Amino acid sequence: MTTASWLDLPADSLFGIHNLPYGVFTTPDDPRPRIGVAVGEQVLNVAAVANTVGVDPELTDLLDATTLNPLLGAGRPVWTQVRALLTEWLTDPAFRSAVEPELTPRQDVSLHLPFQVGDYVDFYASEHHAANLGRLFRPGSEPLTPNWKHLPIGYHGRSGTVVVSGTPVVRPQGQRKAPADAVPNFGPSRRLDIEAEVGFVVGAPTELGDSVPLDGFADHVFGVCLVNDWSARDIQAWEYVPLGPFLGKSFATSVSPWVVPLEALRQARVAPPARDVEPLPYLDDRDAKEPWGLDLSLEVRLNGTVVSRPPFAAMYWTAAQQLTHMTVNGASVRPGDLFASGTVSGPDRGTEGALIELTWNGERPVALPDGTTRSFLEDGDEVTITATAPGPDGSVIGFGEVSGRVLPARG
Ligand SMILES: O=C(O)/C=C/C(=O)CC(=O)CC(=O)O
Ligand SMILES: [Ca+2]
Ligand SMILES: [Mg+2]
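In the annotation of an unreviewed UniProt entry, the entry for the protein reads fumarylacetoacetase, and the organism field reads Streptacidiphilus fuscans. Here is the UniProt Pathway (unreviewed entry) comment for the protein, exactly as written: "Amino-acid degradation; L-phenylalanine degradation; acetoacetate and fumarate from L-phenylalanine: step 6/6."

Written out as structure tokens, the structure is:
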């Protein structure tokens, strides 16, 4: 399908007509948060266009909102309808006069947390990451825990500290205890790390007691964003036994401001890696016609230098399996719930999604062009994660970025 926009976008635009990601923006002369869709180098005020051209008032209400949550809750048929409208507005020259005045250059807008985050869950779906962390955190044990290939392991995170890209991250303080120390001490984390992840934004809710089967994924998941699960490894290593991550990860989790609709990722769907353990039937996607592996290519930059290129296609568990597992006990989901994939690490050097793996616990620090090296993050460091996916007709779907700078601990 070739769809040309009257906007005459370059063929290599990461926010081309096949992408149309959703966010929430303000401008200096209008501080009201409103829903925007990125197209080329601009942001479209969708409610303003809906009001001008006159669409179904129920749709206008969903779009005339300060967060994506009302639209998220509306469900797949409405998401499809809105996307079709956006495509029509941006491709049919008859809409040009109504749409053009509602475009603002992206550089002139501020982007906000696009949805009010409900529950936040973080998974652990990369076999390479899980095995690496097992070796680093539990030397002498099997790298993968016995449950790892039977279920997508996850933990509930802290939704109130999910922040939008650009929000500074204050170095956390807490209890640290190195293996050689007899007792813990208190202070700023000395081993502040990142985790490059992909986030899935839940739209349509479920009722308590119900679960989402594997083929219900697209009915409930609206779209995809990027996540940095900042992690204080020294706090984490001491506190996590036996209940899992707590203060070592709850101080901040950054998300990208643009939510890429699931429809934009049709060409990115790939089969996940072969599983060597037969999953229980509710998680078994081996016969699925279209499993939910996704061929996203991530890049991690530290102070502007690319330090890693994690491949999302290498993830063992898919987001569909994660949603199914997360609801198999009857736990309900709500619009705005966010679940993240887990750190995206590939099998090769230079594809690790966390510094602890990339530098192997500091044994092989990363060299930066300014002559300095890093094992973990220093105050002032800035980390930016970007991603792309294949789109239709040779186009590329961009995710924008999730970025954050480390501020010193507050005494
Ligand atoms: O293996 C561990 O004990 C800890 C693992 C993590 O810190 C990773 C985590 O948050 C899940 C993930 O991002 O894959
Ligand atoms: Ca994580
Ligand atoms: Mg976190």
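Brief notes about the overall build of the protein
When you go through the protein residue by residue, the secondary structure sums to ten helices and 26 strands. For 411 residues, the compact-globule estimate of 2.2 N^0.38 gives 22 Å, and the protein sits close to it at 21 Å. Taken over the C-alpha atoms alone, the protein extends approximately 70 × 50 × 40 Å along its principal axes. Within the protein, buried positions represent 55% of all 411 residues. Considering only intrachain contacts with a sequence separation of at least 6, the fraction spanning at least 24 residues in the protein is 72%.

As for the pairing of strand S13 (residues 196-202)
In terms of burial, S13 is a largely internal element, seven of the seven residues being buried. Burial of the side chains of S13 extends over both faces: Ala196, Val198, Phe200 and Val202 are buried on one face and Glu197, Gly199 and Val201 on the other. By the bridge criterion, seven bridges tie S13 to strand S14 (residues 221-228) in an arrangement that is antiparallel. The partner of Val202 across the bridge, within S14, is Val221. Bridge count for S13 against strand S22 (residues 338-340) is three bridges, and the pairing is antiparallel. Each residue of the ladder has a partner; that of Phe200, found in S22, is Phe339.

Analysis parameters
Residues numbered from 1 in each chain as written. Chains lettered and ligands numbered in written order. Predicted model: local features only at pLDDT ≥ 70, side-chain atom pairs only at ≥ 80, totals over all residues. Heavy atoms only, no water. UniProt positions renumbered as here; feature names shortened; annotations may be inferred. Helix = DSSP H or I, 4+ residues; strand = E, 2+ residues; numbered from the N terminus. Rg over C-alpha atoms; globule rule 2.2 N^0.38 Å. Buried < 20%, exposed > 50% of the residue type's maximum accessible area, 1.4 Å probe, protein only. Contact = heavy atoms within 4.5 Å. Pairing = 2+ DSSP bridges.

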